[in-house]
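Residue-level structural notes
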Amino acid sequence: MMPSPRRAPRDSRRTGRDLRRALALAAVAGALVLAGCSGPSTASSRTPSPSATPTTTAAAACVADPAKTITAKPGAKTMSALSAETVATLDAAAAKAFALGASPGAVVGVRTPEGTWTKAYGSADPAAGTPMQVGMHTRIASLTKMYTATIVLQLAHEGKLALADTIAKYVDGIPNGDKITLTQLADMTSGVASYTMNEKLLQKYFADPTAVYTPEEVIEAGAAVSPLFPPGESFAYSNTNTVLLGKVIEKVTGQDIGQVMQERIFDPLHLTNTSWPGTSAALPEPYAHGYTLNGNTATPDAPTDSTDWNPSWSFTAGEIISDIDDLLTMGRALGTGQGLVDAKTQALRLTSFSPIGYGFGLSCSQGWVGHTGDLSGYNTSLFYDTATDTTVAVQTNSDIASGGCTTSPTLTDDPGDAICQTPAVRLLVALTAELGTAYTPPPRK
């Protein structure tokens, strides 16, 4: 099902509960680390990262010229094919990185002022022998956070809410809710724990990953293990934060979040292959099957096909489905703000990054702004280079890390190198390195 054996990783003997715990934590720490931050390594180890109060100094160090980024005009050749020489270089880098990863397939995309290149590698469904293809749909997981936070910024600009509003104004029962602002939820400084840190919820979820969850259920689970620290005093990546923002959006607009996403993000940007699944586990055709070590039955020798696992428990923190072309369009819109928010609001966003690189639902590293996401069976990266008007998107149909991992579960026949990394991020790093400025995430364990 997966790439051929090359060596045994250090943690390949771990099974059952150890794998479930490690991968549940990867949903928190993994997406966080890949966004340029660091998170807890065990559910009982909740020592927050250093203070993440946004500073203009930190922002300036990452986005060199926000005004230039905001006003960037697409190159005349943006939608043309990249040169054969550039394609050959990118293809070689991607192929090498793909071979080192633990994913059956991948789709990559690069868009610059000089043109666009997309390509698929490997298999979308190893059991059926279906090759991966450009245009296939996958779950984009925590990239959803960027879409959700964007809508909050839109509503603030329209005067329908204030970023300084506390969550208690919209949702009851959150510890410190009368002190936690919407901005603190968006930049992960609220102190509200991720519901993936709630052991009881994890046990319930892994017992039946096809079950439907309401936002209220996961919010309650996150609140039960909160607070991690007083609001604004530290940083902890939390899915609960963005689920809460989703409930705020629904309350303010009086609409279902799927309808809001469609009207405010998908339609304006013409993202015709991006969708909100709600409580449905179905993916639009064509789609790639996802493979994971998460769950009660998966082992390093036999990853689970998690394609039909219900995404509802991630709500506005991770439900969206998309394809490579739509991701490339969205990546540039998120970086420039064009088609999504006004220039003043985008300037606020591009100067919201904390010293550890996380801002208003967006991360920043070496001038690249974007996000990475893991959702059982899928790993996605989307980043925009604010210096060169370049977007890189990567979809993989596995969330399994490879390489010299000591904590993250890997395959028994792990094909990775010395660097521990998930497949989409491994490809992101390889491609950005060929584009001038390499995106360098902190090491994964």
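Below is a summary of the structure that appears in this document.

Criteria and cut-off values
- Residues numbered from 1 in each chain as written.
- Predicted model: local features only at pLDDT ≥ 70, side-chain atom pairs only at ≥ 80, totals over all residues.
- Heavy atoms only, no water.
- 1 Å grid on protein atoms, 1.4 Å probe; cavity = no way out; pocket = protein on both sides within 12 Å on 5 of 7 lines; lining within 4 Å.
- Points joined across faces, edges and corners; volume = space filled by probe spheres on them.
- Helix = DSSP H or I, 4+ residues; strand = E, 2+ residues; numbered from the N terminus.
- Nonpolar A, V, L, I, M, F, W, Y, C, P; charged D, E, K, R; others polar.
- Contact = heavy atoms within 4.5 Å.
- Disulfide = S-S within 2.5 Å.
- Buried < 20%, exposed > 50% of the residue type's maximum accessible area, 1.4 Å probe, protein only.

**With respect to the layout of surface pockets**
Taken as a whole, the second largest pocket spans an internal volume of roughly 280 Å³. If you trace the second largest pocket, you find 13 residues lining it, with Asp-417, Ile-419, Arg-426, Val-429 and Ala-430 closest to the centre. Contributing elements (two or more residues each) for the lining of the second largest pocket: α4 (84-100) and α14 (423-434). Here the lining of the second largest pocket is built from residues that sort into eight nonpolar, two polar and three charged.

**Some words on the environment of Ile-70**
Considering the arrangement of structural elements, one finds Ile-70 in helix α3 (residues 66-70). With 273 residues separating them in the primary sequence, Ile-70 and Ala-343 have C-alpha atoms 6.5 Å apart. Beyond its immediate chain neighbours, meaning those up to four positions away, Ile-70 contacts Thr-336, Gln-338, Ala-343, Gln-346, Ala-347 and Leu-350.

**Considering the state of the cysteines**
Under the defined criterion, the tally for this structure stands at two disulfides. A sulfur-sulfur distance of 1.8 Å marks the disulfide that ties Cys-62 to Cys-364. Handedness here is read from the sign of the S-S torsion; for Cys-62 and Cys-364, about -95 degrees, the answer is left-handed. With a gap of 302 residues between them, Cys-62 in helix α2 (residues 56-62) and Cys-364 in strand β8 (residues 363-365) connect regions that are remote in the sequence. Like Cys-364, Cys-62 is buried. Cys-405 shares a disulfide with Cys-420; S-S distance 2.1 Å. Here Cys-405 and Cys-420 share a disulfide; its torsion about the S-S bond, 100 degrees, makes the bridge right-handed.

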